[in-house]
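Structural characterization, general
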Amino acid sequence: MIKSGYAAIIGKPNAGKSTLMNAMLEFKLSAVNPKVQTTRNRILGIMTGKDHQLIFIDTPGILEPKYEMQKFMMREIWSSIKEADVIVYILDAQNINLNEVKKIEEEFKKDFRRVPRLVVLNKIDLIPQENVQQKMVDLRDEFGFNDIIPVSALTKFNLDTLKARIIELLPEGDFYYDPDTLTNKPEKFFVSEIIRENILSLYQEEIPYSVFVDVREFKVREATQKDYINVDIILERESQKMILLGKNGDMIKRLGEMSRKGIEEFLGKEVFLKLFVKVRKDWRKDSRFLRSNF
Ligand SMILES: Nc1nc2c(ncn2[C@@H]2O[C@H](COP(=O)(O)OP(=O)(O)OP(=O)(O)O)[C@@H](O)[C@H]2O)c(=O)[nH]1
Ligand SMILES: [Mg+2]
């Protein structure tokens, strides 16, 4: 019997959705960072076994959208849930707000009552064992969650149990993708994500959130030659340019070096990476820009 289907990983920003998907795939596919709102688009991570194909959908964190880009991000979440055969709802064990869980529950009850759902209590490496039990009891009493799986996506604790449980819930059916396929997004997308992930680590405050990384050109060359990658880093305001470049261009140089190494590791090949900094005023509020780029 072959089982195949989509498991949407959803939850608040920073709950560990991308870390969980990467851990399951045993491949660093999706960007991870301690800052919130790392993931902006949904990303498929495809895991194929002899008798199953489990397609994870990593999604942006659920939040109250404050501007246009966040509305686009929320649409990515709800459309992922619509495609899902299983919903993997992930909570950060260190930081559970029952009122917020309640709100999200109401949304589910409205539209997605029939989709099977697992609750994952993540980051249990950060709290004492007794508290894990107590939190599971609280969640059961408060919301009737019966299927709660405590895990640590970081240390990979209990992920086999979670995987087996998701596969149990998948419908019977043939593979959707070729068994060798890992994701639905082109390499170009991951190149831009590696750069954005490095921007999240290197810069503070609004810079990471004001940045859009556009891979303009990606020339794949023969194995003996380096690939050529030409990237625009788009900011919202002129004043952010100086911060991104840094004194004497130090910061952008560091960004370029870190990103080149990350891209080379990802592609398994040497590359030329050229970064250009541009401004597109308030692009995050610009529906036209977002429609053509998201
Ligand atoms: N200690 C610990 N840290 C974790 C665990 N899972 C994730 N993290 C950390 O939590 C932070 C956020 O992880 P992400 O995977 O980026 O979280 P996310 O839910 O994808 O976040 P957004 O994309 O912003 O919605 C990172 O610093 C991770 O290393 C865990 O099980 N234990
Ligand atoms: Mg993420």
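The present account deals with the structure reproduced in this document. All values reported here derive from a predicted model rather than from experimental measurement. (Residues numbered from 1 in each chain as written. Chains lettered and ligands numbered in written order. Predicted model: local features only at pLDDT ≥ 70, side-chain atom pairs only at ≥ 80, totals over all residues. Heavy atoms only, no water.)

**A closer look at the coordination of the magnesium ion (ligand 2)**
For the record, the criterion: Metal donors: N, O and S atoms at distances within 2.8 Å, or within 3.2 Å for Na, K and Ca, with water omitted from the atom set so that some sites may seem incomplete. Each helix is a run of H or I in the DSSP string that is no shorter than four residues. Each strand is a run of E no shorter than two, and both are numbered from the N terminus. Residue burial is assigned from relative accessible area. The probe radius is 1.4 Å, only protein chains are included, and a residue is buried under 20% of its type maximum, exposed over 50%, and partly exposed in between.
The protein atoms donating to the magnesium ion (ligand 2) are Ser18 (OG) and Thr39 (OG1), with metal-donor distances spanning 2.0 to 2.1 Å. On the criterion of sequence distance, the pair formed by Ser18 in helix α1 (residues 17-25) and Thr39 in the loop between α1 and β2 (43-48) is long-range, its members being 21 residues apart. Here the two residues Ser18 and Thr39 agree in accessibility, since each one is buried.

**A few points about the pairing of strand β4 (residues 86-92)**
The test is simple: Strand pairing follows a simple DSSP-based rule, namely that at least 2 bridges must link the two strands. Note on handedness: a crossover is taken as right-handed if, strands pointing away from the viewer, the path from the first strand over the helix to the second is clockwise.
Counting buried positions over the seven residues of β4 gives seven, a clear majority of the element. Note that strand β1 (residues 3-11) and β4 share five bridges and pair parallel. Along β4, the bridge assignment pairs Ile9 with Val88. In the sheet, β4 pairs with strand β5 (residues 117-122) via six bridges, with the strands oriented parallel. If you follow Leu91 over to β5, its bridge partner there is Leu121. With helix α3 (residues 98-111) bridging β4 and its parallel neighbour β5, the resulting β-α-β unit is right-handed.

**Remarks on the packing of aromatic side chains**
Quick reminder of the rule: Here a Phe, Tyr or Trp ring, Trp counted by its six-membered ring, pairs with any other such ring whose centre lies within 6.5 Å, and the pair is stacked when the planes are under 30 degrees apart, edge-to-face when over 60, and tilted otherwise. Cation placement over rings: the criterion is NZ of Lys or CZ of Arg within 6 Å of the ring centroid and within 35° of the ring normal.
Going through the model one piece at a time under the given rule, you end up with ten aromatic pairs. With a centroid separation of 5.2 Å and 85° between ring planes, the pair formed by Phe189 and Phe190 is classed as edge-to-face. We classify Phe189 as buried; its relative accessible area is 13%. For Phe190, a relative accessible area of 3% corresponds to the buried category. Ring geometry for Phe212 against Phe289: centres 5.2 Å apart, planes inclined by 80°, an arrangement best described as edge-to-face. Here Phe212, found in strand β7 (residues 212-219), pairs with Phe289, found in helix α9 (residues 287-293); they are 77 residues apart in sequence, far enough to count as distant. Judged by relative accessible area, which is 10%, Phe212 ranks as buried. When its relative accessible area of 6% is taken as the criterion, Phe289 is described as buried. Each member of the aromatic cluster is reached from another via a ring pair, and the members are Phe27, Phe189, Phe190 and Phe266. Directly above the aromatic system of Phe72 lies the positively charged group of Arg75, at a separation of 4.8 Å from the ring centroid. Here the basic side chain of Lys185 rests over the ring of Phe189, its NZ or CZ set 4.8 Å away from the ring centre.

**Some words on the site of ligand 1**
We count it as follows: Any residue with a heavy atom lying within 4 Å of a molecule or strand is counted as near it. For this analysis, a polar contact is any N or O atom pair within 3.5 Å, provided that within protein one partner can donate a hydrogen and the other can accept it, and provided that sequence-adjacent residues contribute only side-chain to side-chain pairs. Under this grouping Gly is polar, as are all residues other than the nonpolar Ala, Val, Leu, Ile, Met, Phe, Trp, Tyr, Cys and Pro and the charged Asp, Glu, Lys and Arg.
Around ligand 1, the structure places 23 residues, and the nearest of them are Lys17, Thr19, Thr38, Thr39 and Asp125. At 3.3 Å, a backbone N or O of Gly61 approaches an oxygen atom of ligand 1. Within the contact set of ligand 1, a nitrogen atom lies 2.8 Å away from a side-chain nitrogen or oxygen of Asp125. Each residue belonging to the shell around ligand 1 can be placed in one class, and the counts come to eight nonpolar, eleven polar and four charged.

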